[in-house]
Amino acid sequence: MCGIVGYTGNQQAAPILLDGLSKLEYRGYDSAGLAVRNGDSAPVVVKTAGKLVNLIQATDGGKKLLGTCGIGHTRWATHGDPTVTNAHPHVSDEVVGVHNGIIENYSELREKLKDNGYAFYSQTDTEVIVKLVDYYYRKYKIGPIDAINRTMVRARGSYALALIFSDYPGEIYAARKESPLIIGKTEDASFLASDVPAILKYTRSVYYIENLQAARITPSTVQFFNLNGDEVFLPVKEIEWDASAAEKDGYEHFMLKEIHEQPLAVKNTLKNTDFDNIDLTNVKALDIVACGSAWHTGVAAQYIIEKLAGIPVRVELASEFRYRSLPLSKGTLVVVISQSGETADSLAALRKAKEAHLPVLGIVNVIGSSIAREADYVIHTQAGPEISVATTKAYSAQLVALYMLALKISRVNEEPYMHQLDKLPALISKVLEDKKDLQYLASRISNSSDIFFIGRGLDYAVSLEGSLKMKEISYIRSEAYPAGELKHGTISLVEDGTVVIGVLTQDDVYEKTLSNMIECKSRGAYLIALTSGQRPGLEKVADFIIRVPETESMFMASLAVIPLQLLAYYTSVYRGLDVDKPRNLAKSVTVE
Ligand code: AGP
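What comes next concerns the included structure.

### Some thoughts on the overall build of the protein chain
Next, step 1: Summing up its helical and strand segments, the protein chain has 18 helices and 25 strands in all.
Next, step 2: Here the C-alpha coordinates of the protein chain stretch approximately 80 × 50 × 45 Å along the principal axes.
Next, step 3: Counting only residues that meet the buried cut, the protein chain has 62% of its 592 residues in that class.
Next, step 4: Across the protein chain, every contact between residues at least 6 apart in sequence was considered, and the portion connecting residues at least 24 apart equals 70%.
Next, step 5: Accessible surface, the protein chain as shown: approximately 22200 Å² in total, 49% of it carbon and sulfur.
Next, step 6: Of note, the protein chain has its 62 positive side-chain charges centred 2 Å away from the centre of its 71 negative side-chain charges.

### Some thoughts on the packing of aromatic side chains
Describing an aromatic ring pair means giving the distance of the ring centres and the angle of the ring planes.
Next, step 1: Evaluation of the coordinates by the stated rule reveals 14 aromatic pairs.
Next, step 2: Residues F191 and Y202 carry aromatic rings whose centres are separated by 5.2 Å and whose planes lie at 20° to one another, so their mutual orientation is stacked. Taken together, the positions of F191 in strand 10 (residues 189-193) and Y202 in the loop between strand 10 and strand 11 (205-208) put the pair 11 residues apart, joining distant regions of the chain.
Next, step 3: A relative accessible area of 3% places F191 in the buried class.
Next, step 4: Judged by its relative accessible area of 25%, Y202 falls in the partly exposed class.
Next, step 5: Three or more aromatic residues joined by ring pairs form one cluster here, namely Y118, Y135, Y136 and Y140.
Next, step 6: Here the guanidinium or amino end of R444 rests over the ring plane of Y526, the centre of that ring lying 3.8 Å away.

### Some details on a nonpolar patch on the surface
Next, step 1: Where nonpolar side chains cluster on the molecular surface, the patch consists of V153, L212 and L227 and spans about 240 Å² of accessible area.
Next, step 2: Tracing the sequence through the fold places V153 in helix 5 (residues 144-154).

### Remarks on the pattern of salt bridges
Next, step 1: Overall, the coordinates contain 26 salt bridges when judged by the stated rule.
Next, step 2: Here K63 makes a salt bridge to D60, at a shortest N to O gap of 4.0 Å.
Next, step 3: The class for K63 is exposed, based on a relative accessible area of 61%.
Next, step 4: A salt bridge links E316 to R324, with the shortest nitrogen-to-oxygen separation between them at 2.6 Å.
Next, step 5: E316 sits in the buried class, given a relative accessible area of 6%.

### Some remarks on the side chain of T297
Next, step 1: You can see T297 is positioned in helix 8 (residues 292-309).
Next, step 2: With relative accessibility at 0%, the residue T297 sits in the buried group.
Next, step 3: Apart from the residues lying within four places of it in its own chain, the contact partners of T297 are I337, Y395, Q398, L399 and L402.

### A closer look at helix 5
Count 3.6 residues to each turn of an α-helix, and residues three or four apart come out pointing the same way.
Next, step 1: Within helix 5, the full set of buried residues consists of P144, I145, A147, I148, N149, T151 and M152.
Next, step 2: Each element contacted by the buried residues of helix 5 is listed here: helix 4 (125-139), strand 7 (157-165), strand 8 (172-177), strand 12 (213-217) and strand 13 (222-225).

### Here's the deal with the site of the ligand
Next, step 1: Close contacts around the ligand come from 14 residues, with S338, Q339, S340, T343 and E472 the closest.
Next, step 2: T391 has a polar backbone atom sitting 2.9 Å from an oxygen atom of the ligand.
Next, step 3: A distance of 2.5 Å separates an oxygen atom of the ligand from a polar atom in the side chain of E472.
Next, step 4: Relative to its free-state accessible area of 410 Å², the ligand is covered by the protein chains to the extent of 90%.
Next, step 5: Partitioning the shell around the ligand into residue classes produces five nonpolar, seven polar and two charged.

### Overview of the environment of F120
Next, step 1: If you trace the backbone, F120 turns up in the loop between helix 3 (106-115) and helix 4.
Next, step 2: For the pair F120 and V91, spaced 29 residues apart in sequence, the C-alpha to C-alpha distance is 9.9 Å.
Next, step 3: Beyond its immediate chain neighbours, meaning those up to four positions away, F120 contacts R110, L113, K114, E127, V128 and K131.

Definitions and limits used
- Residues numbered from 1 in each chain as written.
- Predicted model: local features only at pLDDT ≥ 70, side-chain atom pairs only at ≥ 80, totals over all residues.
- Heavy atoms only, no water.
- Helix = DSSP H or I, 4+ residues; strand = E, 2+ residues; numbered from the N terminus.
- Buried < 20%, exposed > 50% of the residue type's maximum accessible area, 1.4 Å probe, protein only.
- Contact = heavy atoms within 4.5 Å.
- Areas by Shrake-Rupley, 256 points an atom, 1.4 Å probe, with all protein chains shown as cover.
- Lys, Arg positive; Asp, Glu negative; His and termini not counted.
- Charge placed at Lys NZ, Arg CZ, Asp CG, Glu CD.
- Phe/Tyr/Trp six-rings, centres within 6.5 Å; stacked < 30°, edge-to-face > 60°.
- Lys NZ or Arg CZ within 6 Å of the ring centre and 35° of its normal.
- Patch = residues over 30% accessible without salt bridge, like charges linked within 9 Å, V, L, I, M, F, W, Y side chains within 5 Å.
- Salt bridge = Lys/Arg side-chain N within 4 Å of Asp/Glu carboxyl O.
- Near = heavy atom within 4 Å.
- Polar contact = N/O pair within 3.5 Å; in protein donor to acceptor, adjacent residues only side chain to side chain.
- Nonpolar A, V, L, I, M, F, W, Y, C, P; charged D, E, K, R; others polar.

This is the structure in structure tokens:
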């Protein structure tokens, strides 16, 4: 997902913009650029393909770009190849701009602009929207805010825009619809960014601009406007993160740091989650909707809530839910799970549920995010900022939030369960103590071409997450499979040396899954067992055993997932890959 930064104040802008972009690299990108203006001179634009270091070198760390007002961008290509031409900022006669999102009707708008004398040099939707602003600004001889508002009425899709107008030196204009954008303020400077880490070094005072609002920022002021051009006032929020939270703290990668932050993330979520304002009295069914790892926590929660509360629980992929005409019956609580709170599919699913007049509970890690603000109820997982693209601590925090939701909905006596949950942070720490075996195992499997993760029930939910972690950061083809389903076709893929990881934490299905694993072994598989407790005789079956401590079986996913996170991490490191910023991926997928 693209990253946007902006600065106007009394310091040189370029070094601040480059620093901000470096804090947004985790979002995934393939090119970068800056536009900086000195006084009322025209903005100077520098763009480079590839990593941010190329832009830093091209501008000599920003020294070559003089001026105290500027915007910057890291681009994750959606329209057009990741080339310098397509990199942002994009320019027109009077306006220079950067954009995060997708303009759905950009082709139609490009034709309209061509009919009005505009020429295009790139393949991007961004160049179109920058020139559309320019068109309205010049044609109607209106101010920047009015030109932006006309553009917002005309353009369809999602955008966070930062724009510089040649007639307005020292000022930056912004607009937002769906894509995240925040405005930061200090005594003598104003900032804008796609996410908090980009400006946390400079300010904790931020404004969360709303959908279809525009903003004007100068060194001394920030103003917000609605679609009618009326000024509106937004509350300033104080960011409570500490700056180190967005740094690696001596770990080689953010992912390893965040894996080790899981005991604290779980502890804080257990301690600070309250359900007082969530009406669960008449909940007859649950529809859990999410994407990726968040969806995996929903799969785990389904087993637990059905078992404890005895109500039907559907778990839907948000990208499917939003297009199905599925009956949403009264009494259904829709639960949208999202670390970023900005995932386009999950946000669309939330809106579909609200159109059906169903209550929505958001389980979200980022405060002030779209899902957090649009849900009827919100549980904030207390994982802190998660920088690595591959989620770990937010996943674990989501799990415990869902355990507590299950206890609330089922109205069982919570005490014995909470007693078990309170032990989880220490048990997770215990799993994290000994990583040598996993480092060895990672070296053993790092050249595999196929890895299967299999399990039943909650062990299948864990298999889903273990498989996603492995494939998204090690690029090894991997599949999670319900152990009982293998014999219905997929086992034909198992051959000599195929790695099969069997998750065996659930006593009631242990023997069944073990026999499925033996079926794989008899076809040549290299068998890894991930289990709790002793399990006599298992060493005769498995080639390698990963053991985790025991706890309440319903909560075992919180322990079993840890070795699988570490196994994926070390495998990626062995393969020399970019663990925190895997190819093709973004931390938050704010486009469809
Ligand atoms: C998880 O490691 C992936 N990065 C991805 O599947 C992620 O869980 C998914 O995109 C959902 O993101 P969200 O939780 O921010 O909505």
